[in-house]
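# Survey of secondary and tertiary structure
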Amino acid sequence: MSTYIIAEVGVNHNGSVKLAKDLIRVASECGADAVKFQTFVTDKLVTSYAKKANYQNENDASSSSQADMLRRLELSYDDYIIIKQECEKYNIDFMTTCFDSDSLDFIVKTTAPKLLKIGSGDLTNLPFLIEHARTGASIIISTGMAMLSEVEDALAALAFAYQTEPGTNPASYRWLKNNYFTAESIEQLKEKVTILHCVTDYPAQAQDLNLSAIRQLREVYGLNVGYSDHSTGIEACCAAVALGATCLEKHITLDRSMPGPDHAASSTPEEFKHFIDAIRNLDKALLPKVKAPSPREQANLEVARKYLVAAKEIAEGESFTTDNVAIKRSATGLMPNQYWDILGQLAQKTYSEGESI
């Protein structure tokens, strides 16, 4: 199975539908499976007291508060109808992360998504997770900034939502965790939920990536696990696939020098194409097989392998000994593992030096 690759536009459209369209086209041309946006209404997402993150201050000095920055990057609901149609035009999956209930309701009613992405910032927002799962869509959930116990809380909330009728609520947080973070409940999430390992920093530093967590999440929960990458380069994504990631998310931009909080940690079109080509080659290299020679390897067996040969002339009836039997490349003959079996046996014919036995 090929790795599912998501081109994360996020807010790199800078509030422009035209730029969003350009990014959809580029993501499709690069070979991404999906292109992902962020849908929000600023006043329903943040208060005036919300601060900008350090990386947002470093990468975007055009606004003083998080609310001001987000208003500049906000698209209208109608814009997402256009964006969804553009994705269909380029035969690429449309995805978006919704940050408030009204936005989620709008996206579900107008685009009927089969797959919803929940950002790391909402991992602990259990009521919102339940809203997502109640849509019936499958969920990809990022786990940036999370402890393992918080991942477990999120899985319990999703399991509850998938397994209960709409309108029912958990009796309490403790009741939710005790009743729905169970082996049976988590097993039922296998067809619905993908966990993304993520480091919420832009750009994330190599020493902080903690890629071994991908293997840990797979082993602990038995669910599909992916990786949302905020590092530069492609090394982390390649390692993630080797560790078992089935889904990758990486930011894309037309130009890293553009104003905006995420451009600096994003890949240019050329870099994104190189990244996808590398992952597709890894997909081929990691196809599940038993250890056995490939057809192309088979052709090299006679050239590379060694066989039993006569170290010197051996007369018919003469015993094979350590002095007259050698192991060399000779294209054919008995395998070296039969060396001890023939010692002491009598030659059934005369062998010239170098002849295969």
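Conventions and cut-offs
- Residues numbered from 1 in each chain as written.
- Predicted model: local features only at pLDDT ≥ 70, side-chain atom pairs only at ≥ 80, totals over all residues.
- Heavy atoms only, no water.
- Helix = DSSP H or I, 4+ residues; strand = E, 2+ residues; numbered from the N terminus.
- Rg over C-alpha atoms; globule rule 2.2 N^0.38 Å.
- Buried < 20%, exposed > 50% of the residue type's maximum accessible area, 1.4 Å probe, protein only.
- Contact = heavy atoms within 4.5 Å.
- Areas by Shrake-Rupley, 256 points an atom, 1.4 Å probe, with all protein chains shown as cover.
- Axes fitted to C-alpha atoms, helices over the stretch in contact; angles between N-to-C directions.
- Parallel < 35°, antiparallel > 145°, perpendicular 65-115°, else oblique.
- Left-handed = near helix turned anticlockwise from the far one by under 90°.
- Nonpolar A, V, L, I, M, F, W, Y, C, P; charged D, E, K, R; others polar.
- Pairing = 2+ DSSP bridges.
- Right-handed = clockwise from strand over helix to strand, strands pointing away.
- Phe/Tyr/Trp six-rings, centres within 6.5 Å; stacked < 30°, edge-to-face > 60°.
- Lys NZ or Arg CZ within 6 Å of the ring centre and 35° of its normal.
- Polar contact = N/O pair within 3.5 Å; in protein donor to acceptor, adjacent residues only side chain to side chain.

Right, let's talk about the overall build of the protein chain for a bit. Looking only at helices and strands, the protein chain features 16 helices and 10 strands. For 357 residues, the compact-globule estimate of 2.2 N^0.38 gives 21 Å, and the protein chain exceeds it by more than 25% at 29 Å. The principal-axis extents of the C-alpha atoms in the protein chain amount to approximately 100 × 50 × 40 Å. Evaluated residue by residue, the protein chain yields a buried proportion of 47% over its 357 residues. Counting only contacts in the protein chain whose residues sit at least 6 apart along the sequence, the fraction spanning at least 24 positions is 68%. Of the roughly 17,900 Å² of accessible surface on the protein chain, a fraction of 50% belongs to carbon and sulfur atoms.

In this section: the environment of Val11. Looking at the secondary structure, you find Val11 in the loop between β1 (4-10) and α1 (17-30). On the accessibility criterion, Val11 (3% relative accessible area) is buried. Sequence-wise, Val11 and Lys36 are 25 residues apart; in three dimensions their C-alpha atoms are separated by 9.6 Å. Leave out the neighbours within four places in its chain, and Val11 touches Gln38, Phe40, Leu73, Pro261 and Asp262.

Cis geometry is adopted by the peptide bond preceding Pro203, which originates at Tyr202 and carries an omega value of -10 degrees. Checked against the element boundaries, Pro203 lands in the loop between β6 (193-198) and α11 (212-221). The residue Ala112 is not glycine, and still its phi comes out positive at about 45 degrees. The topology assignment puts Ala112 in the loop between α6 (101-111) and β4 (115-118).

For Leu286, the position within the fold is in the loop between α13 (269-285) and α14 (295-298). For Leu286, a relative accessible area of 41% puts it in the partly exposed group. For the pair Leu286 and Ser2, spaced 284 residues apart in sequence, the C-alpha separation works out to 9.9 Å. Other than its neighbours up to four places away in sequence, Leu286 contacts Val241 and Ala242.

Take the packing of helix α8 (residues 148-163) against α11 next. The interhelical angle for the contact between α8 and α11, taken along N-to-C directions, is 45 degrees, at an axis separation of 13 Å. Regarding the angle of α8 to α11, the classification is oblique. Here the hand of the crossing between α8 and α11 comes out right-handed. Residues Leu148, Val151, Glu152 and Leu155 of α8 pack against Gln216, Leu217 and Tyr221 of α11. When its residues are assigned to classes, the contact of α8 with α11 shows 5 nonpolar, 1 polar and 1 charged.

The next subject is the pairing of strand β5 (residues 138-142). Counting buried positions along β5 yields 5 of 5 residues, so the element is predominantly enclosed. Two strands pair when backbone bridges link them, and β4 and β5 are joined in this way by 4 bridges, in the parallel orientation. In the sheet register, Leu116 faces β5, and the bridge partner there is Ile139. The handedness of the β4 to β5 crossover, carried by helix α7 (residues 126-133), is right-handed. Looking at chain direction, β5 and β6 are connected through 4 bridges and run parallel.

One pass over the structure, following the stated rule, counts 10 aromatic pairs. Grouped by ring-pair contacts, the aromatic residues Phe160, Trp175 and Tyr180 constitute a single cluster. Geometry around Tyr351 places Lys349 over its ring, the cationic atom sitting 5.0 Å from the centre.

The next point concerns the side chain of Ser65. With respect to the secondary-structure elements, Ser65 resides in the loop between α3 (54-59) and α4 (66-73). Only 3.1 Å separates the side chain of Ser65 from the backbone nitrogen of Asp68, close enough to count as a polar contact.

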